[in-house]
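Below are the chains, spelled out letter by letter.
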Amino acid sequence: MSWREWIRTIEVEPSLYAADFSRLGEQVDVLLRAEARVFHFDVGDGHFVPPITTGPIVLQWIAPLVHRAGGVLDCHLMVEEPERHFAQFREAGADSVTVHFEACPDLAGVVAQAREHELRVGLALNPETEVEPAAGAALEAEVDLVLCMSVHPGYSGQDFIPESIDRVRTLRELLPESVPVQVDGGVGSGNIRDLYDAGATLFVAATAIFGKEDLPRAYRRLVQALA
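Residues numbered from 1 in each chain as written. Predicted model: local features only at pLDDT ≥ 70, side-chain atom pairs only at ≥ 80, totals over all residues. Heavy atoms only, no water.

J.: Sorry if this is basic, but what is going on with the pairing of strand β3 (residues 72–78) here?
T.: Every regular strand shows the same layout, with side chains that alternate between the two sheet faces. When you tally the buried positions in β3, you get 7 out of 7 residues, the bulk of the element. In β3, alternate side chains face the same way, and those of V72, D74, H76 and M78 on one face and L73, C75 and L77 on the other are all buried. Summarising the sheet, strand β2 (residues 38–44) and β3 pair through 7 bridges and their orientation is parallel. Looking at β3, one finds that V38 is bridged to V72. Bridging between β3 and strand β4 (residues 96–100) involves 3 bridges; their strand directions are parallel. Bridged to C75 within β4 is V97. The β-α-β motif built from β3, the intervening helix α4 (residues 86–92) and the parallel element β4 has right-handed crossover chirality. (Buried < 20%, exposed > 50% of the residue type's maximum accessible area, 1.4 Å probe, protein only. Helix = DSSP H or I, 4+ residues; strand = E, 2+ residues; numbered from the N terminus. Pairing = 2+ DSSP bridges. Right-handed = clockwise from strand over helix to strand, strands pointing away.)

Structure follows, in structure tokens:
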């Protein structure tokens, strides 16, 4: 299936990196009941980004819960040589993998390997990376989505970089409509509508959801800001 078959017109994606891991299954279930459909799963290797974060072992425990409810697991691999991990993540329940432009000198080859594992593929670019070369690489490799990082990858809770709105707008102009633009980092009720107006349709939200006591209310507040 393609991203277009998985997603609705727009999606707010709860970022599980910011969840309470002592209650991860419970929090995922609560958000599924609030009609969240796509969950963002961040992976850091301690090399491409300083933190070592969650991996396939955690993913395999929540994947059945998400999939039974008709949800999707969107895995953001902030790692060097991401292709080395595709088989593990697919086996653990990943539906898609997003790799970094900065970590993939042979992007077309990486995308081809992901396709072999029946994974959808996204391309992420860091805030300091020029938009045009990344968009060109995304087009050439025929990725399914492009992720514009609006903070520096690796840490949750950073402040949104305002220039990201213009970067999203440029990506939307350069990419075909069939390729959604995703935003990750500092997304909240104060900027989500501006990002949508600039052309984004996939919004990764971490502390804007998991930093609140009432998770369904926090999720719905973001969705309503896009109505």
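J.: Mind showing me how you'd approach helix α10 (residues 215–225) here?
T.: Each α-helix turn comprises 3.6 residues. Residues three or four places apart therefore point the same way. Where α10 is concerned, the buried positions are L215, P216, A218, Y219 and L222. Angularly, the buried residues of α10 cover 165° about the axis, an arc narrow enough to put them on a single face. Set apart from the buried face of α10 by more than 90 degrees, the exposed residues are R217, R221 and Q224. (Arc of directions from axis to C-beta.)

J.: What exactly am I supposed to notice about the packing of helix α2 (residues 24–33) against helix α3 (residues 56–68) here?
T.: Packed helix pairs are specified by the crossing angle of their axes together with the interaxial distance, meaning the distance between the axes. Relative orientation of the contacting elements α2 and α3 amounts to 30°, with a least axis distance of 10 Å. One element, α2, and the other, α3, form an angle in the roughly parallel class. Considering the relative orientation of α2 and α3, their crossing is right-handed. Listed contacts from α3 to L24, G25, V28, D29 and L32 of α2 are V58, I62, L65 and V66. (Axes fitted to C-alpha atoms, helices over the stretch in contact; angles between N-to-C directions. Parallel < 35°, antiparallel > 145°, perpendicular 65-115°, else oblique. Left-handed = near helix turned anticlockwise from the far one by under 90°. Contact = heavy atoms within 4.5 Å.)

J.: Looking at this model, I keep getting lost on the sheet that holds β4. Mind explaining?
T.: The strands that make up a sheet are held in pairs by hydrogen bonds between backbone atoms, and each pair lies either parallel or antiparallel. Taken in spatial order, the 8 strands line up as β1-β8-β7-β6-β5-β4-β3-β2 in an open sheet, and their pairing is parallel. Looking along the sheet, the strands with just one partner apiece sit at the ends: β1 (11–14) and β2. In this sheet, adjacent strand axes meet at a mean angle of 25° when their direction is disregarded. Contacts from helix α5 (residues 107–116) reach β4 and β5 (120–125) within the one sheet, and its direction differs from that of β5 by about 145°. Lying over the sheet, helix α7 (residues 164–174) contacts β5, β6 (145–149) and β7 (181–184), oriented at roughly 160° with respect to β6.

J.: Is there a simple way to think about the pattern of salt bridges in this case?
T.: A side chain of one charge can pair with a side chain of the opposite charge when the charged atoms of the two come close. Under the defined criterion, the tally for this structure stands at 8 salt bridges. One salt bridge connects R23 with D20, and the closest N-O pair in it is separated by 3.2 Å. With a relative accessible area of 36%, R23 lands in the partly exposed category. Residue D20 is classed as partly exposed on the basis of its relative accessible area, which comes to 30%. Close ionic contact of R23 with E26 constitutes a salt bridge, the shortest N to O distance being 3.2 Å. (Salt bridge = Lys/Arg side-chain N within 4 Å of Asp/Glu carboxyl O.)

Honestly, it's all geometry; don't read function into it.
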